[in-house]
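Per-entry structural report
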Amino acid sequence: MIHNYTIRKAEYKDIPDLSDLLTVLFSIEQDFEPNDERQQSGLKMMLNDSMNRCVMVAELGKKIVGMVTCQLLISTAEGGQVAVIEDLIVNREYQGNGIGKQLLSSIEDWAVEKGATRLQLLADKTNTPALNFYKKIGWDHTQLICLRRKH
């Protein structure tokens, strides 16, 4: 079990490593394609708005081994802010050490501190290991499905 990792907010210097992690994630998810330029652009936008967005990283020594992102939205159902969590990934060689759980916990703390009353996340429906992980740590399925339209 690895215990000497640190969870912290991402910094601009982390963007290349974070983009590498997103490349791995987007190669697993059927709805997305890896694209370093777009990934880095999106990460910069996330880091530019620390009031409504957060990127947390897991660092082991000087190496980033995991990440998670979160954005705040307004929910009419909740009558306030909710948080959408995306992009949770831990390098395969470090999975099973509690890093993903700690990343989610840290991003949840951030969201609750910002006033979020509900957290939701998106996961690829064919990523059985991820879905089992979320279920194991107390995340529930909803009756909602995600739809999209690209422009």
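Coordinates for the structure precede this section.
Residues numbered from 1 in each chain as written. Predicted model: local features only at pLDDT ≥ 70, side-chain atom pairs only at ≥ 80, totals over all residues. Heavy atoms only, no water.

Once that is clear, we can look at the overall build of the protein chain. Helix and strand counts for the protein chain come out as 4 helices and 5 strands. Taken from N to C terminus, the helices and strands of the protein chain fall in the order β-α-α-β-β-β-α-β-α. For 151 residues, the compact-globule formula gives about 15 Å, and the C-alpha radius of gyration of the protein chain, at 15 Å, lands near that figure. Dimensions along the principal axes, computed over C-alpha positions, put the protein chain at roughly 40 × 35 × 30 Å. When burial is assessed residue by residue, the protein chain has 40% of its 151 residues classed as buried. Surface summary for the protein chain: the accessible area is close to 9800 Å², and the carbon and sulfur share equals 50%. Positive and negative side-chain charges of the protein chain, numbering 18 and 20 respectively, have mean locations separated by a distance of 2 Å. (Helix = DSSP H or I, 4+ residues; strand = E, 2+ residues; numbered from the N terminus. Rg over C-alpha atoms; globule rule 2.2 N^0.38 Å. Buried < 20%, exposed > 50% of the residue type's maximum accessible area, 1.4 Å probe, protein only. Areas by Shrake-Rupley, 256 points an atom, 1.4 Å probe, with all protein chains shown as cover. Lys, Arg positive; Asp, Glu negative; His and termini not counted. Charge placed at Lys NZ, Arg CZ, Asp CG, Glu CD.)

Counted by the stated rule, this structure contains 7 salt bridges. Between Arg53 and Asp49 there is a salt bridge whose closest N-O contact spans 2.3 Å. Each of the salt bridges in this network shares a partner with another, and the network as a whole consists of Arg8, Glu11, Lys13, Asp14 and Glu59. (Salt bridge = Lys/Arg side-chain N within 4 Å of Asp/Glu carboxyl O.)

By the element assignment, Gly100 lies in helix H3 (residues 99-113). When its relative accessible area of 12% is taken as the criterion, Gly100 is described as buried. As a C-alpha pair, Gly100 and Arg118 span 18 residues in sequence and 19 Å in three-dimensional space. Among all residues touching Gly100, those that are not within four sequence positions of it are Leu88, Val90 and Phe133. (Contact = heavy atoms within 4.5 Å.)

With respect to the secondary-structure elements, Ser106 resides in helix H3. On the accessibility criterion, Ser106 (15% relative accessible area) is buried.

The next point concerns the packing of aromatic side chains. Applying the stated criterion across every chain, the model contains 2 aromatic pairs. Between Phe26 and Phe32, the aromatic rings sit 5.4 Å apart at their centres with planes inclined by 40°, giving tilted as the arrangement. Residue classification places Phe26 among the buried residues on the basis of a relative accessible area of 13%. Using a relative accessible area of 41% as the deciding quantity, one classes Phe32 as partly exposed. Judged by centre distance (5.4 Å) and plane angle (55°), the rings of Phe133 and Tyr134 are tilted. Since its relative accessible area comes to 25%, Phe133 is described here as partly exposed. We classify Tyr134 as buried; its relative accessible area is 10%. (Phe/Tyr/Trp six-rings, centres within 6.5 Å; stacked < 30°, edge-to-face > 60°.)

By themselves, these figures tell us nothing about what the structure is for.
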